[in-house]
Amino acid sequence: MLEPGSQRTDRSAYEGSDRFDPAYESEARPIIVGGCARSGTTLVRVILDSHRNLCCGPESGLFFRKRTGLNRLVNRFDMPRPRVLRLARESGSRAEFIDKFFGFYARRSGTRRWAEKSPRNVQVLDYVFRSFPKARFIHVIRDGRDVACSLRTFPRHEVVEGELVPLETRNPLEPGIERWVSDITAALPYRSDPRYLEVRYEDVVASTRETIAKVLEFAGEPWDEAVLRHSEFDTTSRDVAKFPQNPEATRPVTDESIGRWKRDLTREEQEVFKELAGGLLVELGYENSSDWLSRSLRT
């Protein structure tokens, strides 16, 4: 939805018919993070944001085909509205606006390189690499059974008078499974691209130092001990009362959610998952064979 009184500005900047113009090619070297929602993308974001050279703020949603109002960006990123409007007017396409917006955000944050995390970035890798050919993409993958459990109870909070209030969300299971399959399979064709890296949520939790060191090496960044202290940082981009999608990601790493499907899914629900996504689970190496369901029911 366009902002009141700014229809002309938005359309001329990045919401017009040319917003996916393939002619625009940035020289920037951003780090783009994506993956199915509830897979640990926010945890990776706050870890990257702790690095001295990087800024990785709230989700912008700018890379995929939907309208993103300027007011939303201004509020989420705590940016000066006149400057953002000017950047929009100066941009001939959405890709150019992304380039200018995050370049300014990085300079304002005092860092030399920007990163962006929105889960559905995983669905538009062609556009990401076409417009930002020097980008590095981090695909965060998590056991789909745990993802389905988490999606079923998401969102878990809402903001009431500036405070986080728990919700009792109970979504249908099948759409969460189907989303996991869709988001994973959208990125698999890029596995051979040297700009693409898969990172397991389970590895981030169990071997944080080794896994993040691999991520930073892939991105061409030096090691920074601060990434292991991400929960100590207090930045505007982590205002969880304002953006409560996953406040747990700003806390110390824990493995309490790994394997939750064994507790949360009934036998019938496990059978549904196997029918819809069992093959992909094996392909990704989360199980060695399709008889995982029989083994789980015996334990």
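Position numbers for residues count from 1 along each chain, tracking the sequence in the order it is written. This being a predicted model, a pLDDT of at least 70 is required before a residue's local features are given, and a value of 80 or more before pairs of side-chain atoms are given or counted; all residues contribute to the totals for chains, interfaces and linings. As a rule here, side-chain values cover all heavy atoms of the structure and leave hydrogens and water aside.

**With respect to the overall build of the protein**
Convention followed: In DSSP terms, a helix is any run of H or I states spanning at least four residues, a strand is any run of E spanning at least two, and both are numbered starting from the N terminus. Per-residue accessibility, obtained with a 1.4 Å probe over protein chains only, is compared with the maximum for each type, and a residue is labelled buried under 20%, exposed over 50%, and partly exposed between these values. Note on definitions: a residue-residue contact is assigned when non-hydrogen atoms from the two residues lie within 4.5 Å. Note on areas: Shrake-Rupley, 1.4 Å probe, and residue coverage restricted to the protein chains presented here.
Looking only at helices and strands, the protein features 13 helices and seven strands. In the protein, which comprises 299 residues, the share counted as buried stands at 55%. In the protein, the share of contacts with a sequence separation of at least 24, taken over all contacts with a separation of at least 6, comes to 75%. In the form shown here, the protein has an accessible surface area of approximately 13700 Å², with 46% of it arising from carbon and sulfur atoms.

**Brief notes about the environment of V44**
Assignment of secondary structure puts V44 in helix α2 (residues 41-49). Judged by its relative accessible area of 3%, V44 falls in the buried class. Linking V44 and V215, residues 171 residues apart in sequence, is a C-alpha distance of 9.7 Å. With residues up to four places along the chain from it excluded, the contact list for V44 reads V33, V140 and V204.

**Points about the sheet that holds strand β4 (residues 136-141)**
Let me state the cut-off plainly: Strand pairing is assigned whenever DSSP identifies at least 2 bridges connecting the two strands. Only the stretch in contact is used when fitting a helix axis, every axis being a line fitted to C-alpha atoms; angles between N-to-C directions are given from 0 to 180 degrees.
On the basis of which strands lie adjacent, the open sheet formed by five strands has the order β2-β3-β1-β4-β7 and parallel pairing. Here the strands that pair on one side only, and so sit at the sheet edges, are β2 (54-56) and β7 (196-200). Shown here is a sheet whose adjacent strand axes are inclined to one another by a mean of 20°, direction ignored. When β4 meets β7, the two strands line up parallel, connected through five bridges. Across the sheet, residue F137 finds its bridge partner in β7, namely Y196.

**Comments concerning α2**
Judged by how many residues are buried, α2 sits mostly within the fold: nine of nine residues are covered. For α2, the complete set of buried residues consists of T41, T42, L43, V44, R45, V46, I47, L48 and D49. Contacts from the buried residues of α2 go to β1 (31-34), β2, β3 (113-117), β4, α9 (201-206) and α10 (208-219).

**Things to note about the pattern of salt bridges**
Applied cut-off: We define a salt bridge as a side-chain nitrogen of Lys or Arg found within 4 Å of a carboxyl oxygen belonging to Asp or Glu.
By the definition in use, this model includes 17 salt bridges. Among the ionic pairs, E269 bridges to R152, the shortest N-O distance being 2.7 Å. Remark: R152 occurs in helix α7 (residues 144-152) and E269 occurs in helix α12 (residues 267-283); sequence separation between them is 117 residues. This pair shows no difference in class: E269 is buried, exactly as R152 is. If you follow the salt bridges from partner to partner, you end up with R112, R113 and E221 in one network.

**Details of the side chain of D146**
For clarity, the threshold we go by: When charges are tallied, Lys and Arg are placed among the positive residues and Asp and Glu among the negative ones, while His and the ends of the chain are skipped. What qualifies as a polar contact is a pair of N or O atoms within 3.5 Å, subject to a donor-acceptor requirement within protein and to the restriction that residues adjacent in sequence count only when both atoms come from side chains.
Structurally, D146 is set in helix α7. Of the side chains bearing the opposite charge, R142 lies closest to the buried D146, which forms no salt bridge; the N-O distance is 4.5 Å. Separated by 3.0 Å, the side chain of D146 and the backbone nitrogen of W261 make a polar contact. Leaving out residues up to four positions away in the same chain, D146 has contacts with S257, I258, G259, R260 and W261.

**Some remarks on the packing of helix α4 (residues 81-89) against helix α5 (residues 94-109)**
What counts is decided by this rule: Reported orientations rely on four angle classes, namely roughly parallel under 35 degrees, roughly antiparallel over 145, roughly perpendicular from 65 to 115, and oblique for the rest. For any helix crossing, the convention is left-handed if the near helix is rotated counterclockwise from the far helix by under a right angle, and right-handed if that rotation is clockwise. Charged means Asp, Glu, Lys or Arg here, nonpolar means Ala, Val, Leu, Ile, Met, Phe, Trp, Tyr, Cys or Pro, and polar covers whatever is left, Gly included.
Packing of α4 against α5 leaves a shortest axis separation of 9 Å and a crossing angle of 150°. Judged by the angle between their axes, α4 and α5 are roughly antiparallel. Regarding α4 and α5, the two cross each other, and that crossing is right-handed. Packed against α4, whose contacting residues are R83, V84, L87 and A88, the element α5 presents F97, K100, F101, F104 and R107 at the interface. Across the contact of α4 with α5, the residue classes break down as six nonpolar, no polar and three charged.

**Considerations on the confidence of the model for the protein**
Applicable threshold: Confidence per residue, as judged by the predictor, is encoded in pLDDT with a range of 0 to 100.
Put simply, the protein has an average pLDDT of 84, and 77% of its residues get 70 or more. Between residues 1-14, whose pLDDT stays under 50, and residues either more than four places distant or in other chains, the model counts 37 contacts. In the predicted structure, residues 234-242 sits below a pLDDT of 50 and forms 22 contacts with residues beyond four places in sequence or in another chain.

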